[in-house]
Amino acid sequence: MGRTGEHPRAAVGGVSVPDVRSWIDRFAELVHAERDRLTELDAAVGDADHGSNLDRGMKAAAAAAGELGDAAPGELLKKVGMTLVSTVGGASGPLYGTLFLRMGASLGEATDVDGPAFAAALRAGLVGVAARGKAEVGDKTLLDALTPAVDELDAVLAEGASLSEALGRASTAADAGRDATEPLVARKGRASYLGERSAGHQDPGATSVALLVAAAAQTL
Amino acid sequence: MGRTGEHPRAAVGGVSVPDVRSWIDRFAELVHAERDRLTELDAAVGDADHGSNLDRGMKAAAAAAGELGDAAPGELLKKVGMTLVSTVGGASGPLYGTLFLRMGASLGEATDVDGPAFAAALRAGLVGVAARGKAEVGDKTLLDALTPAVDELDAVLAEGASLSEALGRASTAADAGRDATEPLVARKGRASYLGERSAGHQDPGATSVALLVAAAAQTL
Amino acid sequence: MKKIINDPDTVVADALLGIEEAYPQLRVDHENKVVYRGDERRPGKVGLVSGGGSGHEPLHGGFVGLGMLDAACAGEVFTSPVPDQMIAATKLVDDGAGVLQIVKNYTGDVMNFEMAAEMAAAETGVEVVSVVTDDDVAVQDSTFTAGRRGVGVTVLLEKIVGAAAEEGRDLAAVAELARKVNGNGRSMGLALTSCTVPAAGKPTFEIGEDEMELGVGIHGEPGRERVPMASAKEMAQLLVEPVLADLPFGSGDGVIAFVNGLGGTPLLELYVLYHEVRSILDQHGIGVARSLVGNYITSLDMAGASVTLLKADDELVGLWDAPVSTPGLRWGA
Amino acid sequence: MKKIINDPDTVVADALLGIEEAYPQLRVDHENKVVYRGDERRPGKVGLVSGGGSGHEPLHGGFVGLGMLDAACAGEVFTSPVPDQMIAATKLVDDGAGVLQIVKNYTGDVMNFEMAAEMAAAETGVEVVSVVTDDDVAVQDSTFTAGRRGVGVTVLLEKIVGAAAEEGRDLAAVAELARKVNGNGRSMGLALTSCTVPAAGKPTFEIGEDEMELGVGIHGEPGRERVPMASAKEMAQLLVEPVLADLPFGSGDGVIAFVNGLGGTPLLELYVLYHEVRSILDQHGIGVARSLVGNYITSLDMAGASVTLLKADDELVGLWDAPVSTPGLRWGA
Ligand SMILES: Nc1ncnc2c1ncn2[C@@H]1O[C@H](COP(=O)(O)OP(=O)(O)O)[C@@H](O)[C@H]1O
Ligand SMILES: Nc1ncnc2c1ncn2[C@@H]1O[C@H](COP(=O)(O)OP(=O)(O)O)[C@@H](O)[C@H]1O
Ligand SMILES: [Mg+2]
Ligand SMILES: [Mg+2]
Ligand SMILES: [Mg+2]
Ligand SMILES: [Mg+2]
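This structure is a prediction, so every number in the text was calculated from the model and none was measured. (Residues numbered from 1 in each chain as written. Chains lettered and ligands numbered in written order. Predicted model: local features only at pLDDT ≥ 70, side-chain atom pairs only at ≥ 80, totals over all residues. Heavy atoms only, no water.)

1. Some thoughts on the confidence of the model for chain A
Part 1 of the argument: With 94% of its residues at a pLDDT of 70 or more, chain A shows a mean pLDDT of 93.
Part 2 of the argument: Within the model, the stretch residues 1–12 of chain A combines pLDDT values under 50 with 22 contacts to residues more than four positions away or in other chains. (pLDDT = per-residue confidence, 0-100. Contact = heavy atoms within 4.5 Å.)

2. Thoughts on the packing of helix α7 (residues 163–180) of chain A against helix α8 (residues 204–219) of chain A
All names here are of chain A.
Part 1 of the argument: Where α7 contacts α8, the two axes come as close as 8 Å, and the packing angle between them is 170°. Judged by the angle between their axes, α7 and α8 are roughly antiparallel. Seen from α7, the contacting residues are Leu167, Gly168, Ala170, Ser171, Ala174, Asp175 and Arg178; seen from α8, they are Ala206, Thr207, Ala210, Val213, Ala214, Ala216 and Ala217.
Part 2 of the argument: Of the residues in the contact of α7 with α8, the class split is nine nonpolar, three polar and two charged. (Axes fitted to C-alpha atoms, helices over the stretch in contact; angles between N-to-C directions. Helix = DSSP H or I, 4+ residues; strand = E, 2+ residues; numbered from the N terminus. Parallel < 35°, antiparallel > 145°, perpendicular 65-115°, else oblique. Nonpolar A, V, L, I, M, F, W, Y, C, P; charged D, E, K, R; others polar.)

3. Topic: the relation of the copies chain C and chain D
Part 1 of the argument: Overlay of chain C on chain D (RMSD 0.0 Å): rotation 180°, translation along the axis 0.0 Å. On this basis, the relationship between the two copies can be described by a two-fold rotation axis. When C-alpha distances to the rotation axis are compared across chain C, the minimum falls at Gly264(C), with a value of 2.2 Å.
Part 2 of the argument: A share of 100% of the interface residues of chain C reappears at the interface of chain D, consistent with the copies meeting face to face through the same patch. (Least-squares fit on C-alpha atoms with pLDDT ≥ 70 in both.)

4. So, the sheet that holds strand β10 (residues 254–261) of chain C
Residue and element names in this part refer to chain C.
Part 1 of the argument: The six strands are arranged β9-β8-β7-β12-β10-β11 in an open sheet whose pairing can be described as mixed. Single-partner strands in this sheet number two, and they are β9 (225–228) and β11 (287–294). The sheet shows a mean angle of 20° between the axes of neighbouring strands, taken without regard to direction.
Part 2 of the argument: In the sheet, strand β7 (residues 185–191) pairs with strand β12 (residues 304–311) via seven bridges, with the strands oriented antiparallel. Paired with Gly189 across the strands is Ser306, a residue of β12.
Part 3 of the argument: Strands in contact with helix α5 (residues 171–183) are β7 and β12; relative to β7, the strand with the most contacts, it is inclined by about 50°.
Part 4 of the argument: Of the strands in this sheet, β10, β11 and β12 touch helix α7 (residues 267–283), which is tilted by about 165° from β11. (Pairing = 2+ DSSP bridges.)

5. Remarks on the UniProt feature "domain: DhaK" (unreviewed entry) in chain C
Part 1 of the argument: Annotation from UniProt places "domain: DhaK" (unreviewed entry) at residues 7–331 of chain C.
Part 2 of the argument: The span residues 7–331 of chain C shows a helical share of 34% and a strand share of 24%, and its end C-alpha atoms are spaced 35 Å apart. (UniProt positions renumbered as here; feature names shortened; annotations may be inferred.)

6. Looking at the coordination of the magnesium ion (ligand 4)
All names here are of chain B.
Part 1 of the argument: With distances of 2.0 to 2.2 Å, the protein atoms coordinating the magnesium ion (ligand 4) are Asp42 (OD), Asp47 (OD) and Asp49 (OD).
Part 2 of the argument: Read from N- to C-terminus, the donor residues coordinating the magnesium ion (ligand 4) fall into the pattern D-x4-D-x1-D.
Part 3 of the argument: The magnesium ion (ligand 5) is placed at 3.6 Å from the magnesium ion (ligand 4), the two being bridged by Asp47.
Part 4 of the argument: Owing to a relative accessible area of 9%, Asp42 belongs among the buried residues under this scheme. (Donors = N, O, S within 2.8 Å, 3.2 Å for Na, K, Ca; no water. Buried < 20%, exposed > 50% of the residue type's maximum accessible area, 1.4 Å probe, protein only.)

7. Quick word on the site of ligand 2
Residues and elements named next belong to chain B.
Part 1 of the argument: Inspection of the region around ligand 2 gives 20 residues, with Asp47, Ala91, Ser92, Gly133 and Asp203 positioned closest.
Part 2 of the argument: Within the backbone of Leu142, one N or O atom sits 3.0 Å away from an oxygen atom of ligand 2.
Part 3 of the argument: Taking Arg190, its side chain carries an N or O atom lying 3.5 Å from an oxygen atom of ligand 2.
Part 4 of the argument: Isolated, ligand 2 exposes 570 Å² of accessible area, and the fraction of that covered by the protein chains is 96%.
Part 5 of the argument: Among the elements of the structure, α2 (50–67), α4 (92–107) and α8 (204–219) are those that each provide at least two residues to the shell around ligand 2.
Part 6 of the argument: Residues of the shell around ligand 2, tallied by class, amount to five nonpolar, nine polar and six charged. (Near = heavy atom within 4 Å. Polar contact = N/O pair within 3.5 Å; in protein donor to acceptor, adjacent residues only side chain to side chain. Areas by Shrake-Rupley, 256 points an atom, 1.4 Å probe, with all protein chains shown as cover.)

So, in structure tokens, the structure goes:
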């Protein structure tokens, strides 16, 4: 359920452009607040830059979203995706970029975005991320938080719940997925070079994805 | 006064080939015994290799002197000089090498080497060293021990003393010259880069020269 | 951390200013951090673009020039460049014959170059083909990992494929050659010390005075194992044997032998290592057609070295010998 | 101490084996530790011989080849070679036109080369002329010291004089040119860390995380002073200003600008420094005719850099541009 926004065509009960802006702003805030924690997690299994990568990117993305004038939600998400691709680099740039770009493509120029349309867009993003990274659930990547969240969102919406309620349950699923990465042995990304030694550490990307879903639950 | 030697033409009362060999052997022994001390002194003001440089060279020189068959003292000294030049490197190689080469040249093929002839050879060596290194007394170099020793040798011989006695007094003069290098500021060689900071350290080269003269006093 | 820098955040931008000033034949697009050729290029030549995180100099910017790369994208230190950079580079170097991207196999690099190729094709219609190098035998099981890392072979490939492009071969032929080079080369490295990333300010890993990291990656990634410090002869053994075990370098085969310094190791030591590598190759009856010894794909200030062997037939040796004129490799021109 | 060596006592001999194997165009007289040209030399050319302690690679052995040195004598690490080596080198390279010795100004080097020249003249009748480089402005008062040390100018001199010898100039002309180059060049270096001599096994000097040695010598000799760690911009100032103060580099003069790494500093940082050096030269209105950036006269694994400026007229620039083909510097051939 969207908050009341100033956009002329804000779809009450759906996801409006101001809603998307709030989501992006909130995610940027959470990433900034958790920046050091994300980087610490990456120091243990990767190269200690996930927090700074995503913070740099989300700052730029929030600014770009703020500057974009009259646009549909899908266009806004595309802009966010493009900005992330252009500013993050590393593995998470193309992955987060693809997520938002595919969401944007899925929504197209539609101005009325209801719960199922939003969920479909998120699944399109998930499919894009999986294709881009060629990872599967269990490989100890951000897919391990994103996949259960998208599955839960679909399931709860199918029960007839509101988007807001469904996103709340999806956020819980994302957190659980994030926690479940700890014992896993990484099979993709930089952490995979550690082999068995990657077990015992929570995946940084799954941790930031949990923030993304939490931000959605708080704002949409 | 030479020890009795096995050389057929050993000049009793002068310096024979076996005497020269004894001198060289004794100097090599002293250098070997004081190797670490010489290197330590060089560590303080130079590059920590004077002991190893001279030990390597004198080992080779003593061996070369031992191998040389029938020869005059001057030829033996030349051989020692050549060997030092070829094996020591750095500053002390050419300096010690020149000292012995010039002594050898001064004595030529003479087989009778009396005190004055030996003293003249040593002075020729000193002149050669000074020319080679372009240093003066007071520059904190081996000249600060060698010059007073040669001066004292001449003076005592002029009084009519024996070579052995004169070398004993020359050795005392060399030791005094060596000790006097401590407060000096180096103006030649590697130590000169330290400027004022070279004061307060005894010069390694002057220290090894004092061993050279002591060895002469003990063997000739 | 003691480094000759102004600010960790500007080190790459600052270095690009220096590179541009040091080499009048190069140009730099500072906005996109792309180093490219400023000399006259052969018309209609396939464009060669590479790039990656900075900190491996002379790779890649130092290999731009006649007979090697046409452009190189400089990412932040140890961070893949973004697609915008590759797209800018693609536009700069395309002359109608298409562009080959040379990509070292790291997740970030592969994905960013992949997106760049898609976007360049969509935006500009330029045909872009990517070839990935993955020669680091330290990564043993590529089914359960991101795959072998691209290391030393990248240097040899950029030279050889650069010569082929200069010869006028088309995009398909150049790409096929690149895959051949990658398929015939293997590498392994070891570290005596860690590198220090400017932005991190402290060494990437801890390592004792009496141990070395065998199979280290060029970003300080962990290797196969920690082993005790050893002589140059033993190090050569530890590096060459896994390389030989991985590809059937048969007796009588010729190789291009490449001993690479990781940045903090003096040339004097690399020559000592090279001699030991040669001795082992002699024992195996493997002839050395060409040699390369020096710091070419580095890991900032890391002390250590890697060995790359490329099985080389007459074609590869001929292309290796062709003229090249870049800051990092130059001969015949 | 962590080094890629077999034994500190054999490190130079072992490295010479590697050098010989890595560069088919070079030959090595292992008994005398002399690296010399194995390619066809221009008949009747003045022979160019240099040498010095090892540990400064690529200097001098890496500068043997067409258009540069004919032979280089490798001493033990940081220890002057002995006259036998120079005599052997002289005999190898003399072709009737005499031999120029290029000697860095250190007491040991100067005396050993001097003896070699005398002995070579006596033994072989070859005419030998020596030129000493002494460009290190860190040594301020040469009346009370062994004089300024020979550092970066040596590299530029070997290249320029090598070109003149290749052109066919006679011994007197080549020696005069060498003195001109030395007279017009000045250098200054700084160290962030000490080097470690293999035989010593521990760092030559202690230095804190927050300080640097300004004016350091290439054997770790003390410099002008210990100063606090600074930015690349400030370092450039500290190096360039004393160099400019020492020689009347006037506004409008052109220079060959050389930023040299001491062995442990990555190329990335040298480019950052080079840009800052250029900015200062710009401010002084000093044009840069040619640039050289890299590790050319090193101090084992020392982190740090030096700046050399050589006031260059058309003659020097022309000779700089002439073809050269050595492991360390190569172009036009
Ligand atoms: N192939 C992949 N598929 C999905 N996610 C991946 C993949 N590779 C890495 N990741 C995610 O990216 C995160 C690391 O991101 P980041 O540190 O920003 O990039 P880099 O590894 O290039 O430094 C990992 O924690 C993981 O969740
Ligand atoms: N120009 C010179 N004249 C005379 N003696 C010198 C001169 N330069 C250096 N020395 C002597 O040489 C000694 C150092 O010898 P050594 O350590 O073997 O050589 P290096 O300085 O080349 O390492 C100094 O202690 C000093 O006595
Ligand atoms: Mg990371
Ligand atoms: Mg010494
Ligand atoms: Mg010495
Ligand atoms: Mg990264």
